[in-house]
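Below, each chain spelled out in residue letters.
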Amino acid sequence: MNLFMKSGRRKKLGILFLVMACIIGAGTLYWQLQYKSGLSLASESLDLIVDPPTFEKFEKFEAAKPQAGVMNVLLMGSDARKDESGRSDTLMIAHYNQTTNDIKLVSIMRDTYVDIPEHGKQKINAAFAFGGPELVRKTIKQNFDIDVQYYATVNFTGFSKIMDVIAPDGIEVEVPFPIPYGSGKIEPGKQVLNGDQLLGYVRFRNDDKNDFGRVERQQEVLSKVKDQAISIHTLLNVPKLLGLTEPYIDTNINKQTLLKVGKGLLPGKSDMQTLRIPIADSYKDERVAVGAVLSIDLEKNKQALQQFLSSEDETGSVKVVGNGN
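Residues numbered from 1 in each chain as written. Predicted model: local features only at pLDDT ≥ 70, side-chain atom pairs only at ≥ 80, totals over all residues. Heavy atoms only, no water.

**Quick word on the overall build of the protein chain**
Which entries qualify depends on this criterion: Think of it this way: any DSSP run of H or I at least four residues long counts as a helix, any run of E at least two long counts as a strand, and we number them from the N terminus. For each residue, the accessible area found with a 1.4 Å probe, counting protein chains only, is set against the maximum for its type, and the residue is called buried under 20%, exposed over 50%, and partly exposed in between. By definition in these notes, contact holds between two residues if any of their heavy atoms fall within 4.5 Å. Values of accessible area rely on a 1.4 Å probe in the Shrake-Rupley scheme; residue burial ignores everything except the protein chains shown.
A tally of regular secondary structure across the protein chain gives nine helices and 16 strands. When burial is assessed residue by residue, the protein chain has 47% of its 325 residues classed as buried. Summarising the internal contacts of the protein chain: among those between residues at least 6 apart in sequence, 67% fall at separations of at least 24. Here the protein chain displays about 17,200 Å² of accessible surface, and carbon together with sulfur accounts for 54% of that area.

Structure below.
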């Protein structure tokens, strides 16, 4: 009787191990196939994009000292081609609090007139061309006393493809006026935009708001994409996204950190808070040697940025996140 029971248990254990092996094998195969599918999508435009080694000529990115529970990520959008570094067409700081799941997004206007280390007064978007992500980090640190642990540069060539994977049914926006994109046009009114249309929507700045309007549209789209990015659909497509984004994104964020953040965000949807630098009534338009710039009240904007990215510690005192304090 005991021998029969032991034999039955061994048989059940054998079946369980077999099932687990099949699940692991199927999962591995799924990951590989999805990853290759993403690489295949990316390969259609590989002749246009910047190779990651392009940034090797610049200083190595010196990440800020990690702070428990928070992440500051420097986000830079570039339209550079092969063998170019280009200027940062878009410059943002994304902040994530792993304890509260708060997400904050700061857009820094490209024409903001600041001191760039070893280059003097320049438009802030020139820092990327002069010294890559590390010089952008130094510039933000020197002017605003905010430091970051991570960076990600995204080439706009891959933006539309990435958006179509994250949001295959498109993103709904209220279009204020006709906006040209490529050989087409986005009509005004409530529209559901696909990847190519979204790229045209977030990059357009030939209206009366100029770059200010573009920043508003970028923040709007990223706020809506955020909910899509933490959905079950996107998690199932993580391997495909990793393959797709590999040629288009240069970053020091490892895959484990990305998955950990995604897992933390999944249980609930947090609103994304946004800020624009310069803030209202803190700048004036000027024309200088480097062209038209936004001459800012640096102290006023520095305080606004630090307050926006601040968090309360256990004692109730305010602590600025990312300045090394």
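**Regarding the pairing of strand 1 (residues 70-78)**
Defined as follows: Note on pairing: two strands pair once DSSP finds at least 2 bridges between them.
Within strand 1, eight of the nine residues are buried, which leaves the element mostly enclosed by the surrounding structure. When strand 1 meets strand 6 (residues 150-155), the two strands line up parallel, connected through six bridges. Residue Ser 78 lies in a different strand from strand 6, and its bridge partner there is Asn 155.

**Brief notes about the packing of aromatic side chains**
Each aromatic ring pair is described using two quantities: the centre-to-centre distance and the angle formed by the ring planes. Put simply, the test is: Aromatic rings from Phe, Tyr and Trp, with only the six-membered ring used for Trp, were paired whenever their centres fell within 6.5 Å, and each pair was classed as stacked if the ring planes differed by under 30 degrees, edge-to-face if by over 60, and tilted otherwise. In this scheme, the term charge over a ring applies when either NZ of a lysine or CZ of an arginine sits within 6 Å of the ring centre and within 35 degrees of the ring normal.
Going through the model one piece at a time under the given rule, you end up with three aromatic pairs. Between Phe 61 and Tyr 151, the aromatic rings sit 4.7 Å apart at their centres with planes inclined by 45°, giving tilted as the arrangement. Separated by 90 residues along the polypeptide, Phe 61 in the loop between helix 1 (2-42) and strand 1 and Tyr 151 in strand 6 bring together distant segments of the chain. The buried category is assigned to Phe 61, whose relative accessible area is 12%. Take Tyr 151: its relative accessible area is 9%, and that puts it in the buried class. Relative to Tyr 283, the ring of Phe 212 lies with its centre 5.4 Å away and its plane at 25°, an arrangement referred to as stacked. You can see Phe 212 sitting in helix 5 (residues 210-229) and its partner Tyr 283 sitting in strand 13 (residues 283-288), a full 71 residues away along the chain. In this structure Phe 212 comes out as buried when scored by relative accessible area, which is 18%. In this structure, Lys 121 packs its charged tip against the face of Tyr 113, placed 4.7 Å from the ring centre. Taking NZ or CZ as reference, Arg 217 lies 6.0 Å from the ring centre of Tyr 201, over its face.

**Some details on the side chain of Ser 160**
One can find Ser 160 in helix 3 (residues 159-166). Judged by its relative accessible area of 8%, Ser 160 falls in the buried class.

**Focus on the packing of helix 3 against helix 4 (residues 195-203)**
What counts is decided by this rule: Here the axes come from fitting lines to C-alpha atoms, over the contacting stretch only for helices, and the angles between their N-to-C directions go from 0 to 180 degrees. In what follows, roughly perpendicular refers to angles from 65 to 115 degrees, roughly parallel to angles under 35, roughly antiparallel to angles over 145, and oblique to any angle outside these ranges. Handedness of a crossing follows from how the near helix is turned relative to the far one, being left-handed for an anticlockwise turn of less than a right angle and right-handed for a clockwise one. Residues are grouped as follows: Ala, Val, Leu, Ile, Met, Phe, Trp, Tyr, Cys and Pro are nonpolar; Asp, Glu, Lys and Arg are charged; every other residue, Gly included, is polar.
Contact pair helix 3 / helix 4: the axes reach a minimum separation of 7 Å and the direction vectors enclose 125°. Relative to helix 4, helix 3 is oriented oblique. Crossing handedness for the pair helix 3 and helix 4: right-handed. Counted together, Phe 159, Ser 160, Met 163 and Asp 164 of helix 3 and Gly 195, Asp 196, Leu 198, Leu 199 and Val 202 of helix 4 form the full contact between these two elements. Residues that form the contact of helix 3 with helix 4 fall into these classes: five nonpolar, two polar and two charged.

**A short note on the confidence of the model for the protein chain**
The condition is simple: pLDDT is a per-residue confidence score from the predictor, ranging from 0 to 100.
Per-residue confidence for the protein chain averages 77 on the pLDDT scale, and 67% of its residues sit at or above 70. For the protein chain, per-element mean pLDDT is lowest for strand 16 (residues 318-320), which scores 42, and highest for strand 4 (residues 113-116), which scores 97. Between residues 46-53, whose pLDDT stays under 50, and residues either more than four places distant or in other chains, the model counts 22 contacts. Of the regions scoring below 50 in pLDDT, residues 312-321 engages in 20 contacts with residues more than four places distant in sequence or in other chains.

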